[in-house]
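Results of the structural survey
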Amino acid sequence: MSEIQASGTELTSQYTTQITGDLELNTKEQERIGAEVEALQEQLRTLQHDHTVLVNMQQALGGASPAGEAATKAVASVPSQAAAESKRSRPKKTATAGAGKAAPKKPAEASSAKASKAAGKPSLVDLIRNHLQQQNEPRSAAEISSALTQAHPDRTIKTTVVRTTIEGLVAKSHAHRTKQGSSVFYTAATAPQPTEAEPQPKATAS
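Notes on the structure in this doc start here. Note that the structure is predicted; figures quoted are calculated from it, not measured.

Things to note about unusual backbone geometry
For serine 173, which is not glycine, the phi torsion reads 65° and is therefore positive. Judged by relative accessible area, which is 53%, serine 173 ranks as exposed.

The structure is reproduced here in structure tokens:
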């Protein structure tokens, strides 16, 4: 029992000496850091004081500097505004340019139509009427369009356009329409014989 007590007292003495040493180190470190903090705070105060003095001197000597900064900011903003205005005006220019380019199309189309009329080309109505007068049997719109396309390869003749043109002739009683089942056929309003007989007197006369 005495040995156990002796070993216990030795351990406690060792812990106490170690703890006291750690406490001393801790207090010394706190004092050192506190001194450094106080020195840093003093440096901060001096820097702040110097800063205020320098600012006052700058305002007293270079009072025009804030105005100069404002002027530079205004100058910098002017090009940005000009660029924004130029960007806004660009679509208008392109739109006007596109309108100017698109505008001559109508005169060109009109001139081409005038040129075709001046060249003596017959209209689609005349072509369809003459074709129907030359036929002895009813013809559908598809047959008429194919025949006219073969006779006039330089012209684009569509079946839908032929059908609407013939319907216009039917409305004016210049052509007749007959329906056979689901198909529609067209014939000329006048008989083909007078049209064939007309060139013979001219030939004899010439």
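Describing helix H5 (residues 141–151)
Listing the buried residues of H5 in full gives Ala141, Ile144, Ser145 and Leu148. Seen from one end, H5 has its buried residues packed into an arc of 95°, which puts them on one side. At its buried positions, H5 is contacted by helix H4 (124–134), helix H6 (159–171) and strand E2 (183–188).

Some thoughts on the pattern of salt bridges
One pass over the full model with this rule turns up six salt bridges. With its nearest N and O atoms 2.7 Å apart, the salt bridge here joins arginine 177 to glutamate 167. With arginine 177 in strand E1 (residues 175–180) and glutamate 167 in helix H6, this pair connects stretches of sequence that are ten residues apart. Since its relative accessible area comes to 48%, arginine 177 is described here as partly exposed. A cluster of three or more residues bridged by salt bridges with shared partners is formed by Glu29, Arg32 and Glu36.

As for the packing of H5 against H6
Across the interface, H5 lies against H6 with an axial gap of 9 Å and an inter-helix angle of 115°. The angle between H5 and H6 places the two elements in the roughly perpendicular class. In the packing of H5 onto H6, the handedness of the crossing is right-handed. Across the interface between the two elements, Ala141, Ala142, Ile144 and Ser145 from H5 touch Thr159, Val162, Arg163 and Ile166 from H6. Along the lines of polarity and charge, the residues of the contact of H5 with H6 split into five nonpolar, two polar and one charged.

Comments concerning the environment of alanine 189
The topology assignment puts alanine 189 in the loop between E2 and helix H7 (192–197). Through-space distance from the C-alpha of alanine 189 to that of leucine 132 is 8.7 Å; in sequence the pair is 57 residues apart. If we ignore the near neighbours within four places in the chain, the residues touching alanine 189 are Ser173, His174, Ala175 and His176.

Rules behind the numbers
- Residues numbered from 1 in each chain as written.
- Predicted model: local features only at pLDDT ≥ 70, side-chain atom pairs only at ≥ 80, totals over all residues.
- Heavy atoms only, no water.
- Buried < 20%, exposed > 50% of the residue type's maximum accessible area, 1.4 Å probe, protein only.
- Helix = DSSP H or I, 4+ residues; strand = E, 2+ residues; numbered from the N terminus.
- Arc of directions from axis to C-beta.
- Contact = heavy atoms within 4.5 Å.
- Salt bridge = Lys/Arg side-chain N within 4 Å of Asp/Glu carboxyl O.
- Axes fitted to C-alpha atoms, helices over the stretch in contact; angles between N-to-C directions.
- Parallel < 35°, antiparallel > 145°, perpendicular 65-115°, else oblique.
- Left-handed = near helix turned anticlockwise from the far one by under 90°.
- Nonpolar A, V, L, I, M, F, W, Y, C, P; charged D, E, K, R; others polar.

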